[in-house]
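Residue strings, one per chain:
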Amino acid sequence: MAYGRICGLAAALALGLAGPAMGADPVKTAVFDFELVDTSMEGERAEHRLWLRLASEQMRKSLAASGKYSIVAVEPAGPRIADAGYLHGCNGCEAGIARDLGAQLAIAGVVHKVSTLILQIAVTVRDAQSGEVRQAASVEVRGDTEESWVRGARYIAVNRL
């Protein structure tokens, strides 16, 4: 187990994905609100909008707490975000929005509700200048609850980014 973690860290360092070097300034990062893709055939529940917001806030809070990221407010770009439709399907348009907000990285996330029991939370990290995908991370969670959505977002922020 420890060997796998060491190899994974070595690979991340080699690819430049492990974050800024110790003592480096935090990376200005635009974290866009999570979006929902529901293929469960159960239909969206009213509380899902709240849980998306809470998961997004948790992602921002956890990344800021790491000291590696400085979170840039995305609210000023509200009209552009709305015009883009779903960021998870706009072919990287979030990078340009993040760049115009003064960010170096753009993070867009999606909660894919497969069923009442199974959800996948995924994020894509793009370089705001080039639009290049720098990292992608996901986690599968069990249970369609506020706690599972927020815990999934926290897990990705703390353990994958």
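All of these numbers come straight from a predicted model, not from anything done at the bench.

What counts and what doesn't
Residues numbered from 1 in each chain as written. Predicted model: local features only at pLDDT ≥ 70, side-chain atom pairs only at ≥ 80, totals over all residues. Heavy atoms only, no water. Helix = DSSP H or I, 4+ residues; strand = E, 2+ residues; numbered from the N terminus. Expected span 1.5 Å × (residues − 1). Buried < 20%, exposed > 50% of the residue type's maximum accessible area, 1.4 Å probe, protein only. Contact = heavy atoms within 4.5 Å. pLDDT = per-residue confidence, 0-100. Core = buried A, V, L, I, M, F, W, Y, C linked by side-chain atoms within 4.5 Å.

Q: Could you clarify how one ought to interpret helix α5 (residues 146-159) in this entry?
A: What sets the pattern is the α-helix's 3.6 residues per turn: residues three or four places apart point alike. Compared with the 20 Å implied by 1.5 Å per residue over 14 residues, the 20 Å span of α5 between its first and last C-alpha is a close match. When α5 is considered as a whole, its buried residues turn out to be S148, W149, V150, G152, A153, I156 and A157. Buried positions along α5 lie against β2 (35-38), α2 (47-66), β4 (105-113), β5 (118-127) and β6 (133-142).

Q: Is there a simple way to think about helix α4 (residues 93-100) in this case?
A: Turning to α4, its buried residues are E94, A95, G96, I97 and A98. Each element contacted by the buried residues of α4 is listed here: β1 (27-31), α3 (78-84), β4 and β5. At the exit of α4 stands G102, carrying a positive phi of roughly 90 degrees.

Q: Teacher, can you tell me more about the confidence of the model for the protein here?
A: Do not read the fine detail of predicted coordinates wherever pLDDT is low. Confidence along the protein averages 89 in pLDDT terms, with 86% of residues attaining 70 or more. In this model residues 1-20 is a low-confidence stretch, pLDDT under 50, and it forms ten contacts with partners more than four residues away in sequence or in other chains.

Q: Explanation requested: the nonpolar core in the structure shown.
A: A general feature of soluble globular proteins is that nonpolar side chains tend to end up buried together. F34, M59, L63, V111, V123, I156 and L161 are the most contacted members of the largest nonpolar core, which has 25 residues in total. Within the residue set of this core, elements represented by two or more residues are β1, α2, β4, β5, β6 and α5. When residues of this core are assigned to their parent elements, the largest contribution, five residues, is made by α2. Beyond its immediate stretch of four places on either side in the chain, V111 contacts F34, E35, L36, V37, L52, L119, Q120, I121 and W149. Counting 14 residues, the second largest nonpolar core, distinct from the first, contains A30, V72, L87 and C90.

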